[in-house]
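Topology and contacts: notes
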Amino acid sequence: MIPTWSNDIQIMGGVTAQTLSGATVLAKRSRGTLLLNAGPFETAVPNVNMPTVSVTVRVICN
């Protein structure tokens, strides 16, 4: 997945599973507030604070 920005939030991720017809991507977004007991990224799930964002996945195959 090619890293991208949605306003001030960074979106990153990677392919976790793949088949001949598709892939599963785990996307993470930067946290709005950095908590001491949590890392800088959280699972990107669309909600009121984070609208759906289009991302680009580059596929390399032979």
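For the structure, check the block above.
1. A word on the overall build of the chain
For the chain, the count of helices and strands is zero helices and four strands. Put simply, the chain has 62 residues, and 11% of those count as buried. Total accessible area on the chain is roughly 5,100 Å²; 56% of this is exposed by carbon and sulfur atoms.

2. Quick look at the sheet that holds strand β2 (residues 9-18)
Sheet architecture is open: four strands sit in the order β1-β2-β3-β4, paired in antiparallel fashion. Taken across any chain shown, the strands that pair with only one partner, and hence form the sheet edges, are β1 (4-6) and β4 (41-43). Pairwise comparison of adjacent strand axes, ignoring direction, gives a mean angle of 40° for this sheet. By the bridge criterion, seven bridges tie β2 to strand β3 (residues 23-30) in an arrangement that is antiparallel.

3. Describing the environment of D8
Relative to the helices and strands, D8 is located in the loop between β1 and β2. Judged by relative accessible area, which is 71%, D8 ranks as exposed. Along the primary structure D8 and S30 are separated by 22 residues, whereas in three dimensions their C-alpha atoms are 8.8 Å apart.

4. Structural notes on a nonpolar patch on the surface
Nonpolar side chains collect at one region of the surface, where V15, V25, V55, V57 and V59 lie side by side and expose about 370 Å² of accessible area between them. One can find V57 in the segment after β4.

5. Topic: the pairing of β2
Taken together, the three bridges between β1 and β2 define a ladder with antiparallel strand orientation. Its bridge partner being in β2, T4 is matched across the sheet by I11. The loop that links β1 with its antiparallel partner β2 comprises two residues; one of these, N7, has a positive phi angle of about 60°. Taking the residues that link successive antiparallel strands as the turn, the β2-β3 hairpin has four residues.

Conventions and cut-offs
Residues numbered from 1 in each chain as written. Predicted model: local features only at pLDDT ≥ 70, side-chain atom pairs only at ≥ 80, totals over all residues. Heavy atoms only, no water. Helix = DSSP H or I, 4+ residues; strand = E, 2+ residues; numbered from the N terminus. Buried < 20%, exposed > 50% of the residue type's maximum accessible area, 1.4 Å probe, protein only. Areas by Shrake-Rupley, 256 points an atom, 1.4 Å probe, with all protein chains shown as cover. Pairing = 2+ DSSP bridges. Axes fitted to C-alpha atoms, helices over the stretch in contact; angles between N-to-C directions. Patch = residues over 30% accessible without salt bridge, like charges linked within 9 Å, V, L, I, M, F, W, Y side chains within 5 Å. Salt bridge = Lys/Arg side-chain N within 4 Å of Asp/Glu carboxyl O.

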